[in-house]
Amino acid sequence: MALPAEKKETIFTYADYLTWDEDERIELIDGEAVMMAPPSTSHQLISGELFRQLANFLEGKKCLAIPAPFAVRLFEREGDTPSNVRTVVEPDISVICDRNKLDAHGCKGAPDMVIEILSPSNRRHDRLVKLDLYQRAGVREYWIVSPEAQTVEVFLLEDGRFIIQGFYEKNDIAKVHALEGCFVELCKVFAE
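Source: prediction; values computed, not measured.

A. Layout of the layout of surface pockets. In this structure, the largest pocket occupies an estimated 570 Å³ of space. Around the largest pocket, the lining comprises 26 residues; the ones closest to its centre are Tyr 17, Glu 22, Pro 69, Phe 70 and Glu 90. Ranked by residues supplied to the lining of the largest pocket, first place goes to helix H2 (residues 41-58) with 5 residues. Looking at the lining of the largest pocket residue by residue, the classes come out as 12 nonpolar, 6 polar and 8 charged. Of the pockets and cavities examined, the second largest pocket occupies roughly 280 Å³. Along the walls of the second largest pocket sit 20 residues, with Met 36, Ala 37, Ser 119, Ser 121 and Asn 122 positioned nearest its centre. In terms of residue count, the dominant contributor to the lining of the second largest pocket is helix H3 (residues 123-137) (3 residues). Partitioned by chemical class, the residues of the lining of the second largest pocket number 7 nonpolar, 6 polar and 7 charged.

Conventions and cut-offs
Counting of residues starts from 1 at the beginning of each chain's written sequence and follows it residue by residue. pLDDT decides what is reported in this predicted model: residues at 70 or higher carry local features, side-chain atom pairs at 80 or more are listed and counted, and totals for whole chains, interfaces and linings draw on all residues regardless. Water and hydrogen atoms were dropped before computing side-chain values, which therefore reflect all heavy atoms in the structure. A cavity here means a set of points on a 1 Å grid, drawn over the protein atoms and nothing else, where a 1.4 Å probe fits but cannot get out; a pocket is an open set with protein on both sides within 12 Å along at least five of seven lines, and a residue lines either one if it has an atom within 4 Å of a point. Grid points are joined across faces, edges and corners, and a volume is the space filled by probe spheres set on the points. The helix count covers DSSP runs of H or I at least four residues long, the strand count covers runs of E at least two residues long, and both are numbered beginning at the N terminus. When residues are sorted by character, Ala, Val, Leu, Ile, Met, Phe, Trp, Tyr, Cys and Pro go into the nonpolar class, Asp, Glu, Lys and Arg into the charged class, and all the rest, Gly among them, into the polar class.

Written as structure tokens, this is what we have:
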């Protein structure tokens, strides 16, 4: 979707988002359309392995791990219409335990856990903008994965604020706090 120069001041909503080309990766942040670059091969391999480990752990359980592209309307509440919703993000991986939040278009409200994988074009966006959004929305656990450094930073929501809970490197086993008994083998995540 090409955004014309005169549209820069336009406030977009989820109603607009639903009309855009599905092949383009766009997020809505407080009514602003933010174009996302296509992910690299390394990004996709890391995402795939994280998803595989989480999905295997969750098999037969109530929670679901869902990979991108998957629309998450963080602040949508019961009774909101698409024209009322101004924030739609596409986390690399979302873990959702309340299946009532799921509908045909994605997730309504905050997932229990979100994983974002950094790329050169999204470092600031994931570390500042999305961290703030996920914190305000009430996401319980947020992972920031750095393919370059081969690290995972784990943030947990405590009293409405994200607190750094852990910092893991390639040979560590990372605990998933939102899923009791779940651990991720990072040597498999950063295998390349």
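So that's the structure; there's more coming.
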